[in-house]
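Here's the letter readout for the chains.
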Amino acid sequence: MAERTRFTIVMRLQRYLALAGIASRRAAEELIVAGKVRVNGKLVRELGSRVEDGDRVEVNAKTVVMPQREVLVLHKPLGVVTTMSDPEGRRTVEDIVREHRGARSARLVPVGRLDYDTSGVLLLTNDGDLAYALTHPRFGVDKVYRATLRGRLEPEMVEKLRRGIFLEGRRTSPAMLRVVSVSRDRSVVDLTLHEGRYRQVRRMFEVVGHPLVSLERLRFGPVSLGSLRPAHLRELTPSERKALDVLLLNSRQNAGPAKSAGDSRGDAGRKRRPRGDTQRH
Ligand code: URA
């Protein structure tokens, strides 16, 4: 079910109104200036005004209800695109969420992405700050992948991959790599990454001469795939929810200058778009 964050969220009034679906940010500014908005009973006409958790906001004397934070765990199957719609008509994660939840899926967007030919844990949320905290490399959230590759992975290659290899002139961050099994023509490894460049795992193994046979994400931060069946969804467990709360709190404390002060909640996936090959997984 929907979950309410226990930490204080502060944001500009016009943004709050936009996130609550009252009006576009521009139109919300007009409502404020026109004297249609009250906060805790007081008329507010200044555009820089901020609101926080627990404030009662009214527009035209009607109380505004802010949608609560939601997080779902999806076992993304193979052959599905991590988008909300696909011009080529392929099945999307949005189709799966709608099959299970109908119109309630509105505003839930994927946290990062998995390739069409990758399966495993995919989180969906309506909370942009949570998506940011989970995907930005500065917060170092683990993503664990099980990769099955062609050929026998030799120990020198394992070392090389651990140290990081060059993709488009930039070295990948050090990775944890655990060899699960090796035979003459197949190797299986678990790889833990903190970054998510475009098709990173596939490209890493291609560069060292071991193209992937399959790729599955076993864990994203505190959320493991467990026994969730492909194309099925689940809610967070209480301990996962708690771990994500802590992650979000830490990310707010360590956000630094890259993150604008004040506006601390956003539409998931709508902002801070990755550049170049830095698409986040
Ligand atoms: N790395 C990849 O190459 N593909 C994914 O889907 C996720 C990580």
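Right above here is the structure, for reference.
Bear in mind that the values here come from a model prediction, so they are computed numbers and not experimental data.

(A) Up close: the overall build of the protein. Helices and strands together make up the secondary structure of the protein, namely seven helices and 17 strands. For the protein, the proportion of contacts with a sequence separation of at least 24, taken over those separated by at least 6, is 67%.

(B) Focus on the environment of Pro77. Tracing the chain through its elements places Pro77 in the loop between strand E7 (71–76) and helix H3 (93–101). On the basis of neighbour counts, which here come to 16 C-beta atoms within 10 Å, the residue Pro77 falls in the partly exposed class. Separated by 155 residues in sequence, Pro77 and His232 place their C-alpha atoms 8.9 Å apart. Sequence-distant contacts of Pro77, that is, excluding residues within four places in its chain, are made with Ser119, Pro230 and Ala231.

(C) Main features of the sheet that holds strand E6 (residues 62–63). Judged by pairing direction, the sheet is antiparallel, and its four strands sit side by side in the order E3-E2-E5-E6 without closing on themselves. Bordering the open sheet on either side are strand E3 (42–43) and E6, each of which pairs with just one other strand. Note that strand E2 (residues 37–39) and strand E5 (residues 57–59) share three bridges and pair antiparallel. Looking at the pairing, Val37 lines up with Val59 of E5.

(D) Looking closely at the pairing of strand E15 (residues 212–220). Note that strand E9 (residues 118–125) and E15 share three bridges and pair parallel. Paired with Thr118 across the strands is Leu215, a residue of E15. Both strand E10 (residues 143–150) and E15 contribute to a ladder of seven bridges, which runs antiparallel. The residue bridging Tyr145 from the neighbouring strand is Arg217, located in E15. The pairing of E15 with strand E16 (residues 223–224) spans two bridges and is antiparallel.

(E) The arrangement of the site of the ligand in detail. If you check the shell around the ligand, you find nine residues, and the closest are Asp115, Thr118, Arg199, Val201 and Arg202. The element contributing the most residues to the shell around the ligand is helix H6 (residues 200–207), with three residues. Counted by class, the shell around the ligand contains three nonpolar, three polar and three charged residues. Summarising the domain contributions, the shell around the ligand has at least three residues from each of domain 2 (71–138 + 222–255) and domain 3 (142–220).

(F) Here's a closer look at the pairing of E9. With respect to burial, E9 is a largely interior element, eight of its eight residues being buried. Note: E7 against E9, six bridges, orientation antiparallel. For Val73, the partnering residue across the bridge sits in E9 and is Leu123. As paired elements, strand E8 (residues 109–110) and E9 share two bridges and run antiparallel to each other.

(G) Up close: the nonpolar core. In this structure, Leu74, Leu122, Leu123, Leu124, Leu130 and Leu134 are the most contacted members of the largest nonpolar core, which totals 28 residues. At the level of elements, E7, H3, E9, helix H4 (128–135) and helix H7 (238–253) are the ones that each hand at least two residues to this core. Apart from the residues within four sequence positions on either side, Leu74 is in contact with Val93, Ile96, Leu122, Leu124 and Leu233.

(H) Summary view of the packing of H4 against H7. Look at H4 against H7: their axes get within 9 Å of each other, and the N-to-C directions meet at 85°. As far as their axial angle goes, H7 and H4 are roughly perpendicular. Residues Asp129, Leu130 and Ala133 of H4 lie in contact with H7, whose contacting residues are Leu244, Leu247, Leu248 and Ser251. Among the residues forming the contact of H4 with H7, the class breakdown is five nonpolar, one polar and one charged.

(I) Summary view of unusual backbone geometry. We note that Asn40 has phi near 50°; this positive angle belongs to a residue other than glycine. By secondary structure assignment, the location of Asn40 is in the loop between E2 and E3. For Asn40, a count of 11 C-beta atoms within 10 Å corresponds to the exposed category. Despite not being glycine, Asn60 shows a phi value in the positive range, around 50°. By the secondary structure assignment, Asn60 is in the loop between E5 and E6.

Scoring rules and cut-offs
All residue numbers refer to positions counted from 1 along the written sequence of the respective chain. Under the rules for a predicted model, residues below a pLDDT of 70 receive no local features and side-chain atom pairs below 80 are neither given nor counted, while totals for whole chains, interfaces and linings still include all residues. Helix and strand labels come from DSSP, where a helix needs a run of H or I of at least four residues and a strand needs a run of E of at least two; each type is numbered from the N terminus. Residue pairs are scored as contacts if the distance between their C-beta atoms, which are placed from the backbone, is within 7 Å. Three classes are used. A residue is buried when 20 or more other C-beta atoms lie within 10 Å of its own, exposed when 12 or fewer do, and partly exposed in between, with C-beta atoms placed from the backbone. Strand pairing is assigned whenever DSSP detects at least two bridges linking the two strands. In this analysis, residues qualify as near a molecule or strand once their C-beta atom, positioned from backbone atoms, comes within 6 Å of it. Think of it as three bins: nonpolar holds Ala, Val, Leu, Ile, Met, Phe, Trp, Tyr, Cys and Pro, charged holds Asp, Glu, Lys and Arg, and polar takes everything else, Gly as well. Each domain span listed reflects an automatic or database assignment of domains. Note on terminology: a nonpolar core is any set of buried Ala, Val, Leu, Ile, Met, Phe, Trp, Tyr and Cys residues joined through C-beta atoms within 7 Å. Here an axis means a line fitted to C-alpha atoms, over the contact stretch when the element is a helix, while the angle between two N-to-C directions is reported on a 0 to 180 degree scale. Each angle gets one of four labels, with under 35 degrees taken as roughly parallel, over 145 as roughly antiparallel, 65 to 115 as roughly perpendicular, and the rest as oblique.

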